2 protein chains.
Amino acid sequence: MGRPPSAKPTSFDIAYLAGVSQPTVSRALRGSKSVSAATRANIERIARELNYTVDKNASSLRSQRTHTLALLFFEDPTPDQSMINPFFLSMLGSITRQCALRGYDLLISFQQMHNDWHVAYQDSHRSDGIILLGYGDYQTYRAKLEHLVEMDTKFVRWGSVSDDSIGLTVGSDNIGAGVQAGEHLVAIGRKAIAFLGDASDHAPEFQDRYTGLCRAMAAAALTADPALQQDAVSSEESGYAAAQALLASAKPFDAIFAASDLIAIGAMRALTEAGLRLPHDVAIIGFDDIPAASLTSPTLTTVMQDLKGAGELLVDALLARIGDAPVERSVLPTRLIKRQSTAV
Amino acid sequence: MGRPPSAKPTSFDIAYLAGVSQPTVSRALRGSKSVSAATRANIERIARELNYTVDKNASSLRSQRTHTLALLFFEDPTPDQSMINPFFLSMLGSITRQCALRGYDLLISFQQMHNDWHVAYQDSHRSDGIILLGYGDYQTYRAKLEHLVEMDTKFVRWGSVSDDSIGLTVGSDNIGAGVQAGEHLVAIGRKAIAFLGDASDHAPEFQDRYTGLCRAMAAAALTADPALQQDAVSSEESGYAAAQALLASAKPFDAIFAASDLIAIGAMRALTEAGLRLPHDVAIIGFDDIPAASLTSPTLTTVMQDLKGAGELLVDALLARIGDAPVERSVLPTRLIKRQSTAV
DNA sequence: ATAATATGCGTATACGTATACCCTATGGTG
DNA sequence: CACCATAGGGTATACGTATACGCATATTAT
């Protein structure tokens, strides 16, 4: 029934030593109930002694499940160095941990949205499912998502959760966060609140945050002046430029809600250079609570997302999707962190 | 010779359509020279049409090479949330890109130094090699590294490069960086320079930076007072505490070289709270050039490491090691970024 | 012209695991 | 006591690829 043990231990070696057949070893180690307790214990002991570990490739090949998830991170199209959005980097930690907890490996890859990532990971059997991360312009590249759905690729995406979103999406309650920010600014007496961030279809999360702001203002009988909205992508430079454009428009404003901390930080620089006092002349709120937010001067009031929850939800939702379990669309609450930039 | 095409295309399907055998397909796609140009072109065309992609598991199983690297990241033992050292996160980007460039996948995993990571990835055939990242205490856990060497596991480690280091190590020129920092502080007239950071065997990188500082001071006929060295790990809190301890010691000092930006930022807070003016009373230099370094007030002079080079070197060194090619121990130069915290 | 290479490709098989299927002892049921 | 279910585990095989060999044909060398 067997052959003697060899170099790197295989299930055959264990079978030989335990006096059983290889399939029994496989069954025992995978927890099949059709193996007696005694046999199982014996096999487990031998496996431990030999430092045996299941060959991942063989296992995956046979079972067609890799127990690996792939994380595709979309960079903003800054072709230069590795200035990654700190927020997503933090989320990475959370995702990694949750994967480990669930017994899954995590494969990571940085992508440009315009590349062919949607076919690359499709069926080389590297992973059981895909997590898509980044402020990607899924509007323009909608076809790629549709391709994934068509191919029945299991994936989950971080972003704006709405009914017409394609595929499975997990995200923060951006509208609610916008409301939080707006209410806070209204509460400290601001009336002309500007928004820095792309408010188009191409950045649904930013759009949602703006929607929330408008809603809060409306609730306070204020109207959000469209002229006080300036497009910006999530970077310091973009925030700086947006704030300058805002100043150049000569429209008066006494508060800014920035769609991300990076934008806020850039804007603060522009405002300070223009001689404005923060928060006296202009109160400002950011989004993400990156580490730098507590280092600016004044320190930056911001909206904190639930990173830990996000990682857990992304992974668990994806695993449910992989297991063809029903998965309900869910949204994570946010928390307003009040700091000096809105302290009147 | 064949069977008709089926659901997910395999090399057999291509072989069938091309009228050749499966091994020929394998050879053609892998670039073996023993297949005619015409046949190869035909096979490649069909493969493209079918959207064929090599099954990674089968390929790895047969060839015993995974074309995957594993990145083990060691967290500082803060059991709380995902406050990861920004410096390493930045390096992650660089490593990821270099892996992609070399055609390798990257598996990522967060570990605690005291866990059994040294056996976990050992031979489940998940990866061809391992990258170890983090300010790990490799002194205490030396046995684990020795275990890896013993098992002939291919790995490379980021850290202090010295002759007695175990296994293959890639790192910055920490001593040289310390000299740079020291010379700069001396050049602006400082004479009592304190060092914040663990200077013991357990943190060889910090130790090297301190050594460099001492060397620069010696070259200027100054002596580094051991009483002006305070232990600290790389965190803001630790830096804050170390600076407080320094102040409490009542030893006069007019400059600080912190072993990391996080330490420096914490220290700045302590100094400011103590009523000291920066850089007038105390000049300060950090290390890493994290994004936050340009946001502090005053902005922080710091030592920038070559992240891009680090990622490239780590990956290439590991690949060389995997290919049993000779790999020379190398060290990366650093660059001093002068900002307000040392502007007199 | 014949032997020696080289070229291009088919045959057979191995990589290590998981699973479908089958067989043998039990033990309980009527 | 014949009957069937169940537990426990063996036999055979598939997963999809890569590679050692062998065998023709084509190409040189002698």
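Residues numbered from 1 in each chain as written. Chains lettered and ligands numbered in written order. Predicted model: local features only at pLDDT ≥ 70, side-chain atom pairs only at ≥ 80, totals over all residues. Heavy atoms only, no water.

### Quick notes on a nonpolar patch on the surface
Our working definition: A patch consists of residues exposed above 30% relative accessible area that lack any salt bridge, with like charges linked at up to 9 Å and nonpolar side chains (Val, Leu, Ile, Met, Phe, Trp, Tyr) linked at up to 5 Å. To measure how exposed things are, a 1.4 Å probe is used in the Shrake-Rupley method; for residues, cover is taken only from the protein chains shown. Should a side-chain nitrogen of Lys or Arg be within 4 Å of a carboxyl oxygen of Asp or Glu, the pair is scored as a salt bridge. For every residue, the accessible area obtained with a 1.4 Å probe (protein chains only) is divided by the maximum for its type, and the residue is called buried under 20%, exposed over 50%, and partly exposed between those limits.
Where nonpolar side chains cluster on the molecular surface, the patch consists of Tyr16, Leu17 and Leu50 of chain A and spans about 250 Å² of accessible area. What makes Leu17 of chain A partly exposed here is its relative accessible area of 41%.

### Regarding the pairing of strand β1 (residues 68-74) of chain A
Residues and elements named next belong to chain A. As a reminder, the rule being used: In this description a helix means any DSSP run of H or I spanning at least four residues, a strand means any run of E spanning at least two, and both kinds are numbered starting from the N terminus. At least two bridges found by DSSP between two strands are what make those strands a pair.
Burial within β1 is extensive, with seven of its seven residues counted as buried. Of the two faces of β1, the one carrying Thr68, Ala70, Leu72 and Phe74 and the one carrying Leu69, Leu71 and Phe73 are both buried. Note: β1 against strand β2 (residues 105-111), seven bridges, orientation parallel. Within β2, the position partnered with Ala70 by the bridge is Leu107. Across five bridges, β1 lies against strand β3 (residues 129-133) in parallel orientation. Residue pairing for β3: Ala70 is matched across the bridge by Ile130.

### As for the relation of the copies chain B and chain A
Mapping between the two copies of the chain is achieved by a rotation about an axis and a shift along the axis. To keep things clear, this is the line we draw: Least-squares superposition aligns the copies on the C-alpha atoms of those residues with pLDDT at or above 70 in both. What makes two residues a contact is simply this: any of their non-hydrogen atoms within 4.5 Å.
Expressed as a screw operation, the relation of chain B to chain A combines 0.1 Å of axial shift with a rotation of 180°, fitting to an RMSD of 0.1 Å. With respect to symmetry, the two chain copies, as superposed, fit the operation of a two-fold axis. Of the interface residues in chain B, 97% have counterparts in chain A that sit at the interface too, so the contact is made through matching surfaces.

### Considering the interface of chain B and chain A
As a reminder, the rule being used: Summed over both partners, the accessible area (1.4 Å probe) lost when two parts come together is defined as the buried area.
Counting residues at the interface gives 38 residues for chain B, matched by 37 residues for chain A. Interface of chain B and chain A: buried area, both sides summed, is about 3,600 Å²; carbon and sulfur atoms make up 59% of it. Its largest share of buried area at the contact with chain A, chain B owes to Asn57, Arg97 and Leu295 of chain B, together 17% of the area lost on that side. Among the salt bridges present, the one from Arg126 of chain A reaches Asp105 of chain B, with a minimum N-O distance of 2.8 Å.

### Examining the domain arrangement of chain A
All names here are of chain A. Cut-off, in case you're wondering: Note: domain ranges come from an automatic or database domain assignment. Distance and chemistry together define a polar contact, namely a pair of N or O atoms within 3.5 Å, with one atom able to donate a hydrogen and the other to accept it when in protein, and with adjacent residues in sequence counting only for side-chain atoms on both sides. Amino acids are sorted into nonpolar (Ala, Val, Leu, Ile, Met, Phe, Trp, Tyr, Cys and Pro), charged (Asp, Glu, Lys and Arg) and polar (every other residue, Gly among them).
When its domains are assigned, chain A resolves into domain 1 (11-54), domain 2 (68-172 + 307-332) and domain 3 (174-305 + 336-342). Computed from C-alpha atoms alone, the centre-to-centre distance between domain 2 and domain 3 is 28 Å. Taken residue by residue, the interface counts 14 residues in domain 2 and 13 residues in domain 3. Carbon and sulfur atoms supply 50% of the area buried between domain 2 and domain 3, which totals about 1,300 Å² over both sides. Along the contact surface separating domain 2 from domain 3 lie zero salt bridges. Inspection of the region where domain 2 meets domain 3 yields four residue pairs in polar contact (both at pLDDT 80 or more). Among the residues forming the side of domain 2 that touches domain 3, the class breakdown is five nonpolar, seven polar and two charged.

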